[in-house]
Amino acid sequence: MRKSLVFTTLGLLSVGALSAAGWNLRVRAPPDVPAAAPPLPAPEPVLAEREGVSVRFDLSLTPRPREAAAGAPLQGTARFVLQDAKSHAPLQGRRVLGWMSLREKGAAPLDDAACTARVKTYLGGLLSARADVDLNAYWFLTLNHDHTVSVINPQIAFERTKLHSLVSVGGEAADWAMLNDRSALYVTVASGNSVSVVDMERFLATRTVRVGQQPGRIAVAPDGRTAWVSNDGDGTVSVLDTAAHAEVETLRVGAGRHEFAFSDEGRIAWVTSTEADVLTAVDVASREVLGTVKVGVGAGDVAWSPVARALFVVQPRSSEVLVVDPEKREVSRRIAVKAGPGALRFDRSARWAFLLYPEAGAVDVLDAARSQVAHALTGFSAPDSVVFTESFGYVRNTTSGRVSLVDLNTLEGTGTPSVVNVTMGQRAPEESRGLGRSDPIAALPEGNGVIVAGTADRALFLYQEGMMAPRGTHLNYGREPRAVRVLDRSLREVEAGVYSATATVRENGTYDVQLLLDNPRAIVCMQWQVGGIPEDAALAKKLPLTLTPAFDPKTLLTAGTTTPLRFKLEPTPGMTGMPPVQPEEIRVLLFKTPGTWQWRTEPRRTADGGFEVDFTPPTPGQYKLVVGVESRSIDLGRLPHFTFGVVEAPAATTASASEVHR
């Protein structure tokens, strides 16, 4: 088992501090820089050495498009190159965190003590003490029962409120899939016969793609160019172009629900149908049907194993798993299994397949190398889904609050595999309004833990391998999370010893660069000069929008009474070329301090061109109003925020003296 990360750098940082900051990192490589927009000229990489580690840093920025509004930030790629100072060997497999903070004019560079204090402050996660450039962007996404997707930032400690955004997808979500470059999330909406496209940079639903009737399952092809949608209501599959976010093909593959698998390095898509008796092969590039395989009516899950070079198809009606030869397009073997098989999923080695039996409370482990059942496990409670890390298979039990961990290292041989049950929450998932079809468990990027959707508990449970209970809980603010996934854009190793992430820079100047390294334990500070942002200094320091309140925050409000709060968001003087702000771009957060009550909403437009929200404080106390416009690069907390005092409603008026005498 891989060791979990523990930081005690310079005696300042503790496991608790890192847990509070939600520190579970690693992410995608930054997107390629378009050829039409070469990086701006940048200074030579800066070099520092600490604790026997040589650190080289550089930042390349892409010029702003001509159509971009004044004051819009620049994006680019930040890189840390880590080597052993003596041997110059690359330091691989390290955990790194990085920040950039704009230095005030005339201020001195950070010394060791100030550098360490700055890093400790950033790990605290306060909005009031955030870096100008955070290279550790990290979110949990949940697919909720109320037609929304929650975006939760576990790194922020903002009066216990970690909900970054709430995205409405326009109807009850059936399934979701992230594009390979993590630029967008596709959500199937059965009631709207559509797929909602959610922009993962701005966390906004930006487009609706019409597909067939009652779309359900969705899968992105391995090359990332297409997404495949099961239209459960009309026997078709819609193929979407992920670059254009548009339907490019409709395939007829048989009635009923469909499942997808991709073979031959992603070149061929295989589609099952619950009402047809064939497994259909489709060329992914040309979208031409190549042929079919007779598998009988009612086929369920399908999975590809590169180890066996075969497809495994669940056939509940005959209580079999069919092994399909993709070249001959025929069933080469039939594996007899118990009645009532459900989900089938391969682990990361592609050798072991877990077959779940919800009614029997059992799990079979199939050995793809031998095409046979290797282990028959019992003691589960209506298992319905399984997710894998390198070391464990995590099986969700729907009639209890337990998640069963099957040790993958004990599958080899004839002995009974090790299974450990960990309680995640107080309520069984079946007590929720619905379980959904997507994975309720997601592996953390570093591979030694998971995040579990406590559907009935309306919370997320963070579990680290080796523990007997979750090490953290994140609220989902009254919503039932039917599925969960991790969106991680922080520093990751893109080649030996090179750690990279996307950086967003808003203005020119000298930046202090901080690096936190786990092995050897070290904090390194450097500086970097940013230039070439084509705005004058005075304008660059301004936000593109100005918030003007039309209310008096000093006025006491009454608990239980609705008060309209009006404000205006207008372009900052000198900022030209921006389209008017739309209500759906604005995020309004109201929360009580201290406490867990919070409310997020979009405002409505008023007749004078401003915006308005109705605020009904539930109890007396102190409340804050925060406004953000993510699409204009204005995170929550950057615009002015306002504090309201709320008092008890006055007691009922007593009867007058004359009424008493009567």
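Note: the structure precedes this text.
This report concerns the structure included in the present document. (Residues numbered from 1 in each chain as written. Predicted model: local features only at pLDDT ≥ 70, side-chain atom pairs only at ≥ 80, totals over all residues. Heavy atoms only, no water.)

### Considering the sheet that holds strand 19 (residues 278-283)
Then, number 1: Taken together, the four strands give an open sheet; going across it, the order is 17-18-19-20, and neighbouring strands pair in antiparallel fashion. Unpaired on one side and paired on the other, strand 17 (260-263) and strand 20 (289-294) mark the two borders of the sheet. Between one strand axis and the next, the sheet turns by 25° as a mean value, whatever way the strands run.
Then, number 2: For strand 19 and strand 20, the ladder comprises five bridges, and the chain directions are antiparallel. Across the sheet, the residue bridging to A281 is G291, located in strand 20. (Pairing = 2+ DSSP bridges. Helix = DSSP H or I, 4+ residues; strand = E, 2+ residues; numbered from the N terminus. Axes fitted to C-alpha atoms, helices over the stretch in contact; angles between N-to-C directions.)

### Comments concerning the state of the cysteines
Then, number 1: Applying the stated criterion to the full structure yields one disulfide.
Then, number 2: Here C115 connects covalently by a disulfide to C525, the sulfurs 1.8 Å from one another. Since a negative S-S torsion denotes a left-handed disulfide, the C115-C525 link at about 85° is right-handed. Placement of C115 in helix 2 (residues 112-123) and of C525 in strand 41 (residues 522-530) is noted, with a sequence separation of 410 residues between them.
Then, number 3: C115 sits in the buried class, given a relative accessible area of 3%.
Then, number 4: In this structure C525 comes out as partly exposed when scored by relative accessible area, which is 23%. (Disulfide = S-S within 2.5 Å. Buried < 20%, exposed > 50% of the residue type's maximum accessible area, 1.4 Å probe, protein only.)

### Quick notes on the pairing of strand 9 (residues 173-178)
Then, number 1: Burial of strand 9 is extensive: six of the six residues sit out of reach of the surface.
Then, number 2: Between the end of strand 9 and the start of strand 10 (residues 184-189), which pair antiparallel, lie five residues, with R182 showing a positive phi angle near 60°.

### Quick word on the side chain of T272
Then, number 1: Among the secondary structure elements, T272 is positioned in the loop between strand 18 (268-271) and strand 19.
Then, number 2: Given the relative accessible area of 1%, T272 is considered buried.
Then, number 3: Within polar-contact distance, the side chain of T272 engages the backbone oxygen of G300 at 3.2 Å. (Polar contact = N/O pair within 3.5 Å; in protein donor to acceptor, adjacent residues only side chain to side chain.)

### Thoughts on the pattern of salt bridges
Then, number 1: Inspection of every chain in the model, using the stated rule, returns 31 salt bridges.
Then, number 2: The partner of R50 in a salt bridge is D112, and the shortest N-O contact between them spans 3.1 Å. Of the two residues, R50 sits in strand 1 (residues 46-50) while D112 sits in helix 2, which places them 62 residues apart along the sequence.
Then, number 3: Residue classification places R50 among the partly exposed residues on the basis of a relative accessible area of 29%.
Then, number 4: D112 sits in the partly exposed class, given a relative accessible area of 49%.
Then, number 5: Where R479 meets D146, a salt bridge forms, and the shortest distance between an N and an O atom there is 3.0 Å. Linking R479 in the loop between strand 36 (472-475) and strand 37 (481-488) with D146 in the loop between strand 6 (138-144) and strand 7 (148-152), this pair joins segments that are 333 residues apart in sequence.
Then, number 6: Note on R479: relative accessible area 14%, which makes it buried.
Then, number 7: By relative accessible area, D146 is classed as partly exposed at 27%. (Salt bridge = Lys/Arg side-chain N within 4 Å of Asp/Glu carboxyl O.)

### Overview of the sheet that holds strand 37
Then, number 1: Pairing is antiparallel across the open sheet formed by four strands, whose spatial order is 8-7-6-37. Looking at the sheet topology across the chains shown, the edges are occupied by strand 8 (163-168) and strand 37. For this sheet, the mean inter-axis angle between neighbouring strands, taken without regard to orientation, is 20°.
Then, number 2: Inspection of the sheet shows strand 6 paired to strand 7 by four bridges, in the antiparallel sense. Residue pairing for strand 7: L143 is matched across the bridge by V149.

### Concerning the environment of A522
Then, number 1: Relative to the helices and strands, A522 is located in strand 41.
Then, number 2: Considered as a pair, A522 and R50 are 472 residues apart in the sequence and their alpha carbons are 6.9 Å apart.

### Looking at the pairing of strand 34 (residues 449-454)
Then, number 1: By the criterion of burial, strand 34 is predominantly enclosed, with six of the six residues buried.
Then, number 2: Residues G449, I451 and A453 point to one face of strand 34 and V450, V452 and G454 to the other, with burial holding for every one of them.
Then, number 3: What sits between the antiparallel neighbours strand 33 (residues 441-443) and strand 34 is a turn of five residues, in which G447 has the positive phi angle 90°.
Then, number 4: Bridge count between strand 34 and strand 35 (residues 459-464): six bridges; the pairing is antiparallel. Note that in strand 35 the partner of V450 across the bridge is Y463.
Then, number 5: Where strand 34 folds back on strand 35, the antiparallel hairpin that results is connected by four residues, among which R458 adopts a positive phi of roughly 55°.

### Section: the packing of aromatic side chains
Then, number 1: Under the counting rule described, the total for this entry stands at 14 aromatic pairs.
Then, number 2: For the pair W228 and F262, a centre-to-centre distance of 6.1 Å together with 75° between the ring planes defines the contact as edge-to-face. Residue W228 is found in strand 14 (residues 226-231), and its partner F262 is found in strand 17; the two are separated by 34 residues along the sequence.
Then, number 3: Judged by its relative accessible area of 0%, W228 falls in the buried class.
Then, number 4: Relative accessible area serves as the criterion here: at 15%, F262 is assigned to the buried category.
Then, number 5: Geometrically, the ring pair formed by F615 and F644 is tilted, given 6.2 Å between the ring centres and 50° between the ring planes. In this pair, F615 sits in strand 48 (residues 611-615) while F644 sits in strand 50 (residues 642-647), placing the two residues 29 residues apart along the sequence.
Then, number 6: The buried category is assigned to F615, whose relative accessible area is 0%.
Then, number 7: For F644, a relative accessible area of 1% translates into the label buried.
Then, number 8: Ring pairing ties together the aromatic residues F551, F615, Y623, F642 and F644, which thus form one cluster.
Then, number 9: Over the face of the ring belonging to W176 we find R485, whose NZ or CZ atom lies 4.8 Å from the ring centre. (Phe/Tyr/Trp six-rings, centres within 6.5 Å; stacked < 30°, edge-to-face > 60°. Lys NZ or Arg CZ within 6 Å of the ring centre and 35° of its normal.)

### Quick look at unusual backbone geometry
Then, number 1: Here the residue pair N519 and P520 is connected by a cis peptide bond, since its omega of -5° sits within 30 degrees of zero.
Then, number 2: Tracing the chain through its elements places P520 in the loop between strand 40 (509-517) and strand 41.
Then, number 3: Positive phi, normally seen in glycine, also occurs at H147, with a value near 70°.
Then, number 4: Looking at the element boundaries, H147 is found in the loop between strand 6 and strand 7.
Then, number 5: For Q214, which is not glycine, the phi dihedral falls at a positive 55°.
Then, number 6: Note that Q214 resides in the loop between strand 12 (204-210) and strand 13 (215-220).

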